[in-house]
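Spelled out, the chains give:
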Amino acid sequence: RNGFEDIDLCLRMKADGFFFTCVPASVVYHLESQTPGRKAKENHNAALLGSRCAALLRPDKHAVGARDGFMPFIDDSLEISLRMRDKDEERLLRQVLDLGYQPLFDAIRLNPLWIRGREYCADLLEGQGDKARALSLRIETASILWRAESWAELMQTAQRLGETELLDMMRNIYERLLACRSDPVVIQGRRRSLRRLDEPFLEKLFEDRLKELSP
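Quick look at the side chain of glutamate 199
Then, in step 1: Position of glutamate 199 relative to the elements: it lies in the loop between helix 10 (184–197) and helix 11 (200–213).
Then, in step 2: We classify glutamate 199 as buried; its relative accessible area is 18%.
Then, in step 3: At 3.2 Å, the side chain of glutamate 199 forms a polar contact with the side chain of arginine 58.
Then, in step 4: Every residue in contact with glutamate 199, bar those within four places of it in the chain, is listed here: Arg58, His62 and Leu194.

Here's the deal with the environment of threonine 141
Then, in step 1: Relative to the assigned elements, threonine 141 resides in helix 7 (residues 131–145).
Then, in step 2: Taking relative accessible area as the criterion, threonine 141 reaches 8% and is therefore assigned buried.
Then, in step 3: Put simply, threonine 141 and isoleucine 115 are 26 residues apart on the chain and 5.7 Å apart in space, counted from C-alpha to C-alpha.
Then, in step 4: Each residue touching threonine 141, except ones within four places of it in the same chain, is listed here: Ile115, Arg118 and Glu119.

Here we look at the nonpolar core
Soluble globular proteins: nonpolar side chains tend toward being buried together.
Then, in step 1: Core analysis: the biggest nonpolar cluster contains 14 residues, and Trp114, Cys121, Leu125 and Leu137 have the highest contact counts within it.
Then, in step 2: Contributing elements (two or more residues each) for this core: helix 4 (86–96), helix 5 (101–110), helix 6 (115–127) and helix 7.
Then, in step 3: Ranked by residue count, the leading element in this core is helix 5, at 4 residues.
Then, in step 4: Residues in contact with leucine 125, not counting those within four places in the same chain, are Tyr101, Phe105, Asp130, Arg133, Ala134 and Leu137.

Some thoughts on the layout of surface pockets
Then, in step 1: Here the largest pocket is characterised by a volume of approximately 330 Å³.
Then, in step 2: As for the largest pocket, its lining consists of 16 residues, of which Pro59, Ile80, Ser193, Leu194 and Leu197 are closest to the centre.
Then, in step 3: Every element with two or more residues in the lining of the largest pocket is listed here: helix 3 (61–67) and helix 10.
Then, in step 4: Per-element tally for the lining of the largest pocket: the top contributor is helix 10, with 5 residues.
Then, in step 5: Residue composition of the lining of the largest pocket, by class: 8 nonpolar, 2 polar and 6 charged.
Then, in step 6: Approximately 250 Å³ is the volume found for the second largest pocket.
Then, in step 7: For the second largest pocket, the full set of lining residues is Cys10, Leu11, Lys14, Ala15, Phe20, Leu56, Leu57, Arg58 and Asp60.
Then, in step 8: In the lining of the second largest pocket, the residues fall into 6 nonpolar, no polar and 3 charged.

Conventions and cut-offs
- Residues numbered from 1 in each chain as written.
- Predicted model: local features only at pLDDT ≥ 70, side-chain atom pairs only at ≥ 80, totals over all residues.
- Heavy atoms only, no water.
- Helix = DSSP H or I, 4+ residues; strand = E, 2+ residues; numbered from the N terminus.
- Buried < 20%, exposed > 50% of the residue type's maximum accessible area, 1.4 Å probe, protein only.
- Polar contact = N/O pair within 3.5 Å; in protein donor to acceptor, adjacent residues only side chain to side chain.
- Contact = heavy atoms within 4.5 Å.
- Core = buried A, V, L, I, M, F, W, Y, C linked by side-chain atoms within 4.5 Å.
- 1 Å grid on protein atoms, 1.4 Å probe; cavity = no way out; pocket = protein on both sides within 12 Å on 5 of 7 lines; lining within 4 Å.
- Points joined across faces, edges and corners; volume = space filled by probe spheres on them.
- Nonpolar A, V, L, I, M, F, W, Y, C, P; charged D, E, K, R; others polar.

This is the structure:
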């Protein structure tokens, strides 16, 4: 019912022995989620996709990210996330450090997971009194790390700036992350999902993160 059909098609084609290739020369214009009521049937579609293709679904963001040089970690929603390696963060910062704002901004846009660059740029903007743009960059950083503490700090900043709508959004995220990382049902569900992947290093990442979160 208008949703998930692309995933369903690709999974079943792969199961039938077909494979997919990326053709960089192709140009596709996709007006994403423009159909009215686009998300109205998501529960129905998710259930149907699960009944047809559950055995074909296997999370691989961590494997693809590691192949491309990124570092998997467990965020506060207890999901697998990715970030740049520390040495890559520092190397990139050294490359653009003395080149001015535009190369720095360009490098941030070309490296969406670059935390250190955003922090450096936000510090510069705050020093010049541009607190709104600095806050925007810090929100991007928090969206990569997905840690409750990061959102708590941003709430204080938004409150000082009088950004009431942002404050409400941040509070919702903060409370949701706190709930996730302490909910036994969520914890056990994530643990079972990881065990099904049968990748010990992911299970260790998960258990180590739980220990960090233990009071």
